[in-house]
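# Structural characterization, general
One letter stands for each residue in the lines below.
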Amino acid sequence: MDLKYNVKVYLEFCKKNKGLSDKTIKAYRIDLNQLINFYEKNSEDFNKNFLVNYISELNVYKPKTIKRKIASLKAFCSYLEFEDIIEYNPFHKIKTKLKEPVVLPKVILTENIKILFKYLYDTLNEKDKDTKEYIYMLRDVTAIELLFCTGARISEVCNLKKNSFDWSGLSVKFLGKGSKERVIYITNSDVIKILNEYYNISKNIDCEYFFINRLNSRLSEQSLRFSIYKYVKKAGISQYINPHMFRHSFATLLLDDDVDIRYIQNILGHSSITTTQIYTHVSLSKQKEIMIKNNPRNYIKI
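Bear in mind that the values here come from a model prediction, so they are computed numbers and not experimental data.

### Looking at the overall build of the chain
Along its length, the chain carries 13 helices and three strands. Residue burial in the chain is summarised as follows: out of 302 residues, 40% are buried. The long-range share in the chain, meaning contacts at least 24 apart out of those at least 6 apart in sequence, stands at 58%. Carbon and sulfur atoms provide 52% of the accessible area of the chain, an area that totals close to 18700 Å². On the chain, the mean spot of the 49 positive side-chain charges and the mean spot of the 34 negative ones are 5 Å from each other.

Next up, the structure:
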């Protein structure tokens, strides 16, 4: 079998027929090129024994990476079987079970969120509204507000388009993983105000995306990530903060406020509630509050 050729055709199929993102296609390409290299070095038939040997070579990686590489391989083998390139999918007879260590999400200290937003708005208000610098910072603050008030991923925020917003219903439509859409309502008056201000300034720029860079094209995730690092440093915050931590903080604070985890799952766009349940391990402050106020031992008087 010409594995290299079939991988190339499969990746084209994924892009055109499955509508996978460029990021996912890139990950598939990396994983399957690794498979090709192993195949060419070992000169084996593409069968169960070959795949078992290949999977055993992946043990040098972390469990999460191994699971991703195996998932890429499984999807490719299913494609080969469906297209009759191979008669039988070897994975039907291969069992793989990896237990990932539970890595708790890192959240931003609430005090640091307050410090950051105070710095952002104080600095923004000091700038001349007629300057480009004001517009660029207004864009950044608006994007950071959306990260925190919706729990959206940075890729979802940067890929928002002007028509993603329903200004009459005050909601925004995000396109999440697997091209799944979800609508989130914007109810905070400060967020609504800055969204409207940025939209009114940028709406006439010839670009379909909502957040626009200096070249009037889509603001990249890397650019927004760099801006966040810059603002955190200038605000004098010592805690390391990355964009995804706004999502973690959003979910954890909702949980602390007794919001049902099924609603949080829906808002975050998680396919499985198992993914959302990781936040139940993070809410230590809420656990402490419950133990102080609601511990059954409090009702036993001696």
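### So, helix α8 (residues 189–202)
The end-to-end C-alpha separation of α8 is 20 Å, in line with the 20 Å expected for 14 residues at 1.5 Å each. Listed as buried for α8 are Val191, Ile192, Ile194, Leu195, Tyr198 and Ser202. The opening residue of α8 is asparagine 188, an N-cap whose side-chain oxygen sits 2.9 Å from the backbone nitrogen of aspartate 190.

### Quick notes on the pairing of strand β2 (residues 171–175)
Within a regular strand, side chains alternate between the sheet's two faces. In this structure, strand β1 (residues 165–166) lies alongside β2, joined through two bridges in antiparallel fashion. When the bridges of β2 are listed, aspartate 166 appears paired with serine 171. Linking β1 back to β2 in an antiparallel pair, the connection comprises four residues, with leucine 170 at a positive phi of about 50°. Inspection of the sheet shows β2 paired to strand β3 (residues 181–185) by five bridges, in the antiparallel sense. The residue bridging lysine 173 from the neighbouring strand is valine 183, located in β3. Remark: five residues form the turn of the hairpin made by β2 and β3, two consecutive strands paired antiparallel; glycine 178 in that turn has positive phi of roughly 70°.

### Looking at the environment of serine 72
Mapped onto the elements, serine 72 comes out in helix α4 (residues 63–82). Note on serine 72: relative accessible area 2%, which makes it buried. In this structure the C-alpha to C-alpha distance between serine 72 and isoleucine 25, which are 47 residues apart in sequence, comes to 10.0 Å.

### A closer look at the packing of aromatic side chains
For the structure shown, the criterion picks out 20 aromatic pairs. Put simply, the rings of Phe165, Trp167, Tyr198, Tyr199, Phe210 and Phe211 pair up and form one aromatic cluster. Across from the ring centre of tyrosine 61, 5.0 Å away, lies the NZ or CZ of lysine 69, which sits over that ring.

Reading guide: rules and limits
- Residues numbered from 1 in each chain as written.
- Predicted model: local features only at pLDDT ≥ 70, side-chain atom pairs only at ≥ 80, totals over all residues.
- Heavy atoms only, no water.
- Helix = DSSP H or I, 4+ residues; strand = E, 2+ residues; numbered from the N terminus.
- Buried < 20%, exposed > 50% of the residue type's maximum accessible area, 1.4 Å probe, protein only.
- Contact = heavy atoms within 4.5 Å.
- Areas by Shrake-Rupley, 256 points an atom, 1.4 Å probe, with all protein chains shown as cover.
- Lys, Arg positive; Asp, Glu negative; His and termini not counted.
- Charge placed at Lys NZ, Arg CZ, Asp CG, Glu CD.
- Expected span 1.5 Å × (residues − 1).
- Polar contact = N/O pair within 3.5 Å; in protein donor to acceptor, adjacent residues only side chain to side chain.
- Pairing = 2+ DSSP bridges.
- Phe/Tyr/Trp six-rings, centres within 6.5 Å; stacked < 30°, edge-to-face > 60°.
- Lys NZ or Arg CZ within 6 Å of the ring centre and 35° of its normal.

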